[in-house]
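Chains, contacts and geometry: an overview
What follows is each chain in one-letter form.
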Amino acid sequence: MLIVASVVLGAAGGGLDAALNTAAALAGQTRLMNLIHAAFGVGAALGPLLVTAALAVAASSSSSWRAAYGLLLVLEVCLAAVWVALRNAFAEFPGARPRCVA
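Residues numbered from 1 in each chain as written. Predicted model: local features only at pLDDT ≥ 70, side-chain atom pairs only at ≥ 80, totals over all residues. Heavy atoms only, no water.

1. Things to note about the packing of helix α1 (residues 2–27) against helix α2 (residues 30–60)
With their axes 8 Å apart at the nearest point, α1 and α2 run at an angle of 160° to one another. As far as their axial angle goes, α2 and α1 are roughly antiparallel. The element α1 and its partner α2 pack so that their crossing is left-handed. On α2, the residues that touch Asp17, Leu20, Asn21, Ala24 and Ala25 of α1 are Leu32, Met33, Ile36 and His37. When its residues are assigned to classes, the contact of α1 with α2 shows six nonpolar, two polar and one charged. (Axes fitted to C-alpha atoms, helices over the stretch in contact; angles between N-to-C directions. Helix = DSSP H or I, 4+ residues; strand = E, 2+ residues; numbered from the N terminus. Parallel < 35°, antiparallel > 145°, perpendicular 65-115°, else oblique. Left-handed = near helix turned anticlockwise from the far one by under 90°. Contact = heavy atoms within 4.5 Å. Nonpolar A, V, L, I, M, F, W, Y, C, P; charged D, E, K, R; others polar.)

Now the structure itself:
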(Lines give C-alpha, C1' and ligand atoms only; values in the text may rest on other atoms or scores of the structure.)
Protein backbone atom coordinates (compact mmCIF):
# COMPACT_ATOMS: atom_id res chain seq x y z
CA MET A 1 0.00 0.00 0.00
CA LEU A 2 2.83 2.41 0.85
CA ILE A 3 4.53 1.73 -2.48
CA VAL A 4 1.32 2.44 -4.39
CA ALA A 5 0.78 5.66 -2.44
CA SER A 6 4.38 6.71 -3.11
CA VAL A 7 3.96 6.09 -6.84
CA VAL A 8 0.73 8.10 -6.91
CA LEU A 9 2.27 10.99 -4.95
CA GLY A 10 5.37 10.99 -7.14
CA ALA A 11 3.35 10.98 -10.35
CA ALA A 12 1.10 13.76 -9.07
CA GLY A 13 4.06 15.88 -8.01
CA GLY A 14 5.81 15.34 -11.32
CA GLY A 15 2.68 16.18 -13.28
CA LEU A 16 2.14 19.33 -11.26
CA ASP A 17 5.76 20.40 -11.77
CA ALA A 18 5.56 19.78 -15.52
CA ALA A 19 2.25 21.67 -15.79
CA LEU A 20 3.55 24.69 -13.86
CA ASN A 21 6.75 24.80 -15.92
CA THR A 22 4.77 24.58 -19.16
CA ALA A 23 2.29 27.27 -18.11
CA ALA A 24 5.07 29.65 -17.05
CA ALA A 25 7.08 29.00 -20.23
CA LEU A 26 4.10 29.49 -22.57
CA ALA A 27 3.19 32.71 -20.79
CA GLY A 28 6.74 34.01 -21.12
CA GLN A 29 6.94 34.57 -17.36
CA THR A 30 10.62 34.09 -16.61
CA ARG A 31 10.26 35.49 -13.09
CA LEU A 32 7.54 32.95 -12.33
CA MET A 33 9.76 30.17 -13.69
CA ASN A 34 12.57 31.33 -11.41
CA LEU A 35 10.21 31.37 -8.41
CA ILE A 36 9.00 27.85 -9.19
CA HIS A 37 12.56 26.54 -9.29
CA ALA A 38 13.53 28.48 -6.17
CA ALA A 39 10.60 26.94 -4.31
CA PHE A 40 11.71 23.50 -5.51
CA GLY A 41 15.22 24.17 -4.19
CA VAL A 42 13.92 25.31 -0.80
CA GLY A 43 11.69 22.24 -0.58
CA ALA A 44 14.53 19.93 -1.61
CA ALA A 45 16.74 21.44 1.09
CA LEU A 46 14.18 21.61 3.89
CA GLY A 47 12.21 18.43 3.15
CA PRO A 48 14.81 15.95 4.41
CA LEU A 49 15.43 18.11 7.48
CA LEU A 50 11.72 18.19 8.33
CA VAL A 51 11.35 14.44 7.84
CA THR A 52 14.46 13.82 9.97
CA ALA A 53 12.98 16.01 12.71
CA ALA A 54 9.65 14.19 12.47
CA LEU A 55 11.41 10.82 12.67
CA ALA A 56 13.45 12.01 15.67
CA VAL A 57 10.28 13.11 17.46
CA ALA A 58 8.60 9.82 16.57
CA ALA A 59 11.61 7.85 17.86
CA SER A 60 11.65 9.74 21.16
CA SER A 61 7.95 9.08 21.71
CA SER A 62 6.01 5.87 21.30
CA SER A 63 5.05 6.85 17.75
CA SER A 64 6.51 5.30 14.61
CA TRP A 65 7.94 6.48 11.30
CA ARG A 66 4.40 6.62 9.92
CA ALA A 67 3.95 10.05 11.53
CA ALA A 68 6.48 11.57 9.12
CA TYR A 69 4.68 10.11 6.13
CA GLY A 70 1.34 11.17 7.60
CA LEU A 71 2.62 14.74 7.75
CA LEU A 72 3.72 14.50 4.11
CA LEU A 73 0.27 13.19 3.19
CA VAL A 74 -1.41 16.13 4.94
CA LEU A 75 0.86 18.61 3.13
CA GLU A 76 0.19 17.00 -0.26
CA VAL A 77 -3.58 17.02 0.33
CA CYS A 78 -3.38 20.72 1.27
CA LEU A 79 -1.41 21.42 -1.91
CA ALA A 80 -3.99 19.57 -3.99
CA ALA A 81 -6.84 21.46 -2.32
CA VAL A 82 -5.19 24.81 -3.06
CA TRP A 83 -4.65 23.77 -6.67
CA VAL A 84 -8.29 22.71 -7.06
CA ALA A 85 -9.48 25.98 -5.53
CA LEU A 86 -7.25 28.15 -7.73
CA ARG A 87 -6.99 26.19 -10.97
CA ASN A 88 -9.30 28.54 -12.89
CA ALA A 89 -7.95 31.74 -11.34
CA PHE A 90 -4.93 31.73 -13.64
CA ALA A 91 -6.55 30.58 -16.88
CA GLU A 92 -5.10 33.56 -18.73
CA PHE A 93 -1.68 34.91 -17.82
CA PRO A 94 -1.34 38.65 -18.38
CA GLY A 95 1.15 39.34 -21.11
CA ALA A 96 0.92 35.84 -22.49
CA ARG A 97 2.06 35.44 -26.06
CA PRO A 98 -0.50 34.01 -28.47
CA ARG A 99 0.29 30.46 -29.44
CA CYS A 100 0.67 29.48 -33.08
CA VAL A 101 -1.69 26.74 -34.14
CA ALA A 102 -0.62 24.98 -37.32
